[in-house]
Amino acid sequence: MKPLYKRILLKLSGEALMGTQSYGLDSSTMDRICKEIKEAHTLGIEQALVVGGGNIFRGLQGEAQGIERTTSDHMGMLATVMNALALQSRLEHMGLETRVMSAIPMHSICEPYIRRRAVHHMEKGRIVICAAGSGSPYFTTDSAAALRASELNCQVLMKGTKVDGIYSADPLKDKDAVFYPELSYQQVLTENLRVMDTAAIALARESQIPIMVFSILNPHGIRDALQGKGRFTIIQ
Ligand code: UDP
């Protein structure tokens, strides 16, 4: 079946890489996700990834420990770089060509994020892994994902979560939770459905980029969602 999109932005939270652990990276989870990314690559999809850092460090956590907020957010962004390098290593081990591009330049480790270079890499079939979020404190990697999806002309922002879409309540806690196959950006904002922060939703709406929320735990979750199969929520 033909994929619905040619160029995608995949947002992976740090938690998605953590598996069942409470901190850091889980190697079997990483392998599984990398295989899914490879599967999408085999379909001829151009991919940019934005990776979070919550499995290692979050800005708010540091602030609670008395670290100044901006410094703490810098630490959070450094955590995303660690995840990006780990993903790069696993993907390259599977034979894929990748580039880590950091919003905070770190010349001896990876490329700086330069939009035109990122587009060039994708056109060459390389997977671009965007690290260090937006490079600015007080933002999240969800907002960075909406930003990169907009500037890289991605046709969809795919957000892999632990559940297979958006529900009226947490389906793991409330058996009466209603599943939403489709929502408008406005509904997500007014009903305060906590799938991404409001800045990310607002920017995706402004750029008219649909957001697909699907389960990263389902085998072939990325491929199926790309082919419009299986269960997911689309915000458009
Ligand atoms: N962060 C930031 N600016 C950005 C993106 C991230 O300051 O543009 C920091 C922020 O402190 C955040 C941390 O990096 O808590 C990790 O990112 P995030 O919480 O979005 O990761 P995720 O929840 O996706 O794992």
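As a starting point, this report considers the structure included with it. Treat the numbers as computed from the prediction; the structure is a model and nothing was measured. (Residues numbered from 1 in each chain as written. Predicted model: local features only at pLDDT ≥ 70, side-chain atom pairs only at ≥ 80, totals over all residues. Heavy atoms only, no water.)

### Section: the sheet that holds strand 1 (residues 7–12)
Taken together, 9 strands build an open sheet; the order of strands is 4-3-5-2-1-6-10-11-9 and the sheet is mixed. Two strands close off the open sheet at either side, each with one partner strand: strand 4 (111–112) and strand 9 (182–183). Two elements, strand 3 (residues 98–102) and strand 4, share 2 bridges in a ladder whose sense is parallel. Its bridge partner being in strand 4, Met101 is matched across the sheet by Glu111. (Pairing = 2+ DSSP bridges. Helix = DSSP H or I, 4+ residues; strand = E, 2+ residues; numbered from the N terminus.)

### Let's talk about the packing of aromatic side chains
All chains considered together, the criterion is met by 1 aromatic pair. One cation-aromatic arrangement involves Arg148 over Tyr113; the distance from NZ or CZ to the ring centre is 3.6 Å. Geometry around Phe179 places Arg231 over its ring, the cationic atom sitting 3.9 Å from the centre. (Phe/Tyr/Trp six-rings, centres within 6.5 Å; stacked < 30°, edge-to-face > 60°. Lys NZ or Arg CZ within 6 Å of the ring centre and 35° of its normal.)

### As for the packing of helix 5 (residues 141–151) against helix 7 (residues 198–207)
Helix-helix packing: each pair is described by the crossing angle between the helix axes and the interaxial distance. Contact pair helix 5 / helix 7: the axes reach a minimum separation of 8 Å and the direction vectors enclose 15°. By the angle between their directions, the pair helix 5 and helix 7 is classed as roughly parallel. In terms of crossing hand, the pair formed by helix 5 and helix 7 is left-handed. Within the contact between the two elements, helix 5 uses Asp142, Ser143, Ala146, Leu147 and Ser150 and helix 7 uses Ala199, Ala200, Leu203, Ala204 and Ser207. Of the residues assigned to the contact of helix 5 with helix 7, the class counts are 6 nonpolar, 3 polar and 1 charged. (Axes fitted to C-alpha atoms, helices over the stretch in contact; angles between N-to-C directions. Parallel < 35°, antiparallel > 145°, perpendicular 65-115°, else oblique. Left-handed = near helix turned anticlockwise from the far one by under 90°. Contact = heavy atoms within 4.5 Å. Nonpolar A, V, L, I, M, F, W, Y, C, P; charged D, E, K, R; others polar.)

### Digging into helix 5
For helix 5, the buried fraction is high: 8 of the 11 residues fall into the buried class. Within helix 5, the full set of buried residues consists of Thr141, Asp142, Ser143, Ala144, Ala145, Ala146, Arg148 and Ala149. Along its buried surface, helix 5 packs onto strand 1, strand 2 (46–51), helix 3 (69–93), strand 5 (127–131), strand 6 (156–161) and helix 7. Between the side-chain oxygen of the N-cap and the backbone nitrogen of Asp142 there are 3.2 Å, and the N-cap of helix 5 in question is Thr140. Where helix 5 ends, the next residue or the one after it, Asn153, has phi of about 55°, a positive value. (Buried < 20%, exposed > 50% of the residue type's maximum accessible area, 1.4 Å probe, protein only. Polar contact = N/O pair within 3.5 Å; in protein donor to acceptor, adjacent residues only side chain to side chain.)

### Things to note about the nonpolar core
Ile37, Ile129, Met158 and Ile222 are the most contacted members of the largest nonpolar core, which totals 39 residues. Among the elements of the structure, strand 1, helix 1 (27–42), strand 2, helix 3, strand 5, strand 6, strand 10 (211–215) and helix 8 (221–226) are those that each provide at least two residues to this core. When residues of this core are assigned to their parent elements, the largest contribution, 6 residues, is made by helix 3. Residue contacts for Ile37: discarding those within four places in its chain leaves Leu10, Leu12, Gln47, Leu49, Leu91, Ile127 and Ile222. Listed in part, the 31 residues of the second largest apolar core include Val119, Val128, Ala146 and Val188. (Core = buried A, V, L, I, M, F, W, Y, C linked by side-chain atoms within 4.5 Å.)

### Re the packing of helix 1 against helix 3
At their nearest, the axes of helix 1 and helix 3 sit 10 Å apart, and the two run at 65° to each other. Handedness of the crossing formed by helix 1 with helix 3: right-handed. Here Ser27, Met30, Asp31, Cys34 and Ile37 of helix 1 come into contact with helix 3, specifically with Ala86, Leu87, Arg90 and Leu91. Class assignment of the residues belonging to the contact of helix 1 with helix 3 gives a composition of 6 nonpolar, 1 polar and 2 charged.

### Description of the state of the cysteines
Across all of its chains, the model carries 0 disulfides by this definition. Distance from the sulfur of Cys34, which forms no disulfide, to the nearest cysteine sulfur (Cys130) is 15 Å. For Cys34, a relative accessible area of 0% translates into the label buried. Free of any disulfide, Cys154 has its nearest cysteine sulfur in Cys130, 8.3 Å distant. Look at Cys154 and you get buried, because its relative accessible area is 5%. (Disulfide = S-S within 2.5 Å.)

### As for the pattern of salt bridges
Under the definition given, this model contains 19 salt bridges. The residue Arg69 makes a salt bridge to Glu63 at a minimum N-O spacing of 4.0 Å. We classify Glu63 as partly exposed; its relative accessible area is 36%. Here Glu111 makes a salt bridge to Arg99, at a shortest N to O gap of 3.3 Å. Of this pair, Glu111 sits in strand 4 while Arg99 sits in strand 3, placing them 12 residues apart in sequence. Owing to a relative accessible area of 23%, Arg99 belongs among the partly exposed residues under this scheme. Salt bridges sharing common partners tie together Glu97, Arg99, Glu111, Arg117 and Arg126. (Salt bridge = Lys/Arg side-chain N within 4 Å of Asp/Glu carboxyl O.)

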